[in-house]
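Structure at a glance
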Amino acid sequence: MRQKLRVAAYAICVRDGQILLARSPAPDGTPEWVVPGGGMEHGEDPYDTVRREVEEETGYRIEVTGLLGVDSSHRVFRGGLGRAVDHHAVRFVYEGRITGGELRYEVGGSTDFAAWHDLDAVPGLVRVGMVDIALRLWRERPPTGRLSDVLEDAE
């Protein structure tokens, strides 16, 4: 079984009752909303990752105003040729404040669109589960930086 570790950093940016999200195609091609952010490059600090990724995906520069928590998931997937992949994802979730730049769309990347959405409208969006996890971390601000029920579900 092949093992794969992915470390990523994401930012929750909320202003005036709206959240900044990016759009990415699901494996079947269906567009779904995601939290701006993504994978760390080798040797990169997660703090630098989140700032780079948000600018790449949305055009905005952010100030990181806090670490909301860390989400970890561990699952086994069937890969190509029926091989199993033991996948472990570790995701840092930061809070960010827009400090500059202009909203634009990523070209040739993992996302194709970015937009502000009313917080109340998020439940009606086609979105990845990480949006809900990040929003819960932002709303609940657990002192341990983890949502224990989410981690237990993923184990």
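Anything mentioned here points back to the structure above.
Points about the overall build of the chain
Along the chain, the regular secondary structure elements total three helices and eight strands. Of the regular secondary structure in the chain, the N- to C-terminal order runs β-β-β-β-β-α-β-β-β-α-α. In summary, the chain has a C-alpha radius of gyration of 15 Å against a globular reference of 15 Å for 155 residues, a match within 12%. Principal-axis analysis of the C-alpha atoms places the extent of the chain at approximately 45 × 40 × 35 Å.

Topic: the pattern of salt bridges
Tallying each qualifying case throughout the model produces 11 salt bridges. For D112, the salt bridge is made with R23, and the minimal N-O distance between the two is 3.0 Å. One end of the pair, D112, is in the loop between β7 (84-101) and β8 (113-118); the other, R23, is in strand β3 (residues 18-25), with 89 residues separating them in the sequence. Note on R23: relative accessible area 25%, which makes it partly exposed. A salt bridge links D132 to R127, with the nearest nitrogen and oxygen atoms 2.8 Å apart. Of the residues examined, R127 reaches a relative accessible area of 25% and is grouped as partly exposed. Here the residues in one salt-bridge network are E41, E44, R52, E53 and E56, joined through shared partners.

With respect to the sheet that holds strand β5 (residues 37-39)
Pairing within the open sheet is mixed, and its four strands lie in the order β5-β1-β7-β6. Across the chains shown, the open sheet's two edge strands, defined by having one partner strand only, are β5 and β6 (60-78). Neighbouring strand axes in the sheet, compared pairwise and without regard to direction, differ in orientation by 20° on average. Both strand β1 (residues 2-12) and β5 contribute to a ladder of three bridges, which runs antiparallel. Directly across from A8, in β5, lies its bridge partner G39. Its contacts with the sheet place helix α1 (residues 46-58) against β1, β5, β6 and β7, and it is angled at close to 95° to β6.

Things to note about the layout of surface pockets
Size it by volume and the largest pocket reaches roughly 820 Å³. Around the largest pocket sit 35 residues that line it, and R6, Y10, R91, V128 and M130 are the ones nearest its centre. In terms of residue count, the dominant contributor to the lining of the largest pocket is β6 (five residues). Across the lining of the largest pocket, the residue classes break down as 13 nonpolar, 11 polar and 11 charged.

A few points about α1
Across its 13 residues, α1 extends 18 Å between first and last C-alpha, which sits within 8% of the 18 Å expected from 1.5 Å per residue. Measuring from the backbone nitrogen of Y47 back to the side-chain oxygen at the start of α1 gives 2.8 Å, which picks out D45 as the cap. After α1 finishes, the residue G59 shows a positive phi value of roughly 90°.

A short note on the side chain of T49
Mapped onto the fold, T49 is located in helix α1. On the basis of relative accessibility, which here comes to 0%, the residue T49 falls in the buried class. The contacts of T49, once residues within four sequence positions are left out, are A9, G38, G39, M40 and E44.

About the thresholds
- Residues numbered from 1 in each chain as written.
- Predicted model: local features only at pLDDT ≥ 70, side-chain atom pairs only at ≥ 80, totals over all residues.
- Heavy atoms only, no water.
- Helix = DSSP H or I, 4+ residues; strand = E, 2+ residues; numbered from the N terminus.
- Rg over C-alpha atoms; globule rule 2.2 N^0.38 Å.
- Salt bridge = Lys/Arg side-chain N within 4 Å of Asp/Glu carboxyl O.
- Buried < 20%, exposed > 50% of the residue type's maximum accessible area, 1.4 Å probe, protein only.
- Pairing = 2+ DSSP bridges.
- Axes fitted to C-alpha atoms, helices over the stretch in contact; angles between N-to-C directions.
- Contact = heavy atoms within 4.5 Å.
- 1 Å grid on protein atoms, 1.4 Å probe; cavity = no way out; pocket = protein on both sides within 12 Å on 5 of 7 lines; lining within 4 Å.
- Points joined across faces, edges and corners; volume = space filled by probe spheres on them.
- Nonpolar A, V, L, I, M, F, W, Y, C, P; charged D, E, K, R; others polar.
- Expected span 1.5 Å × (residues − 1).
- Polar contact = N/O pair within 3.5 Å; in protein donor to acceptor, adjacent residues only side chain to side chain.

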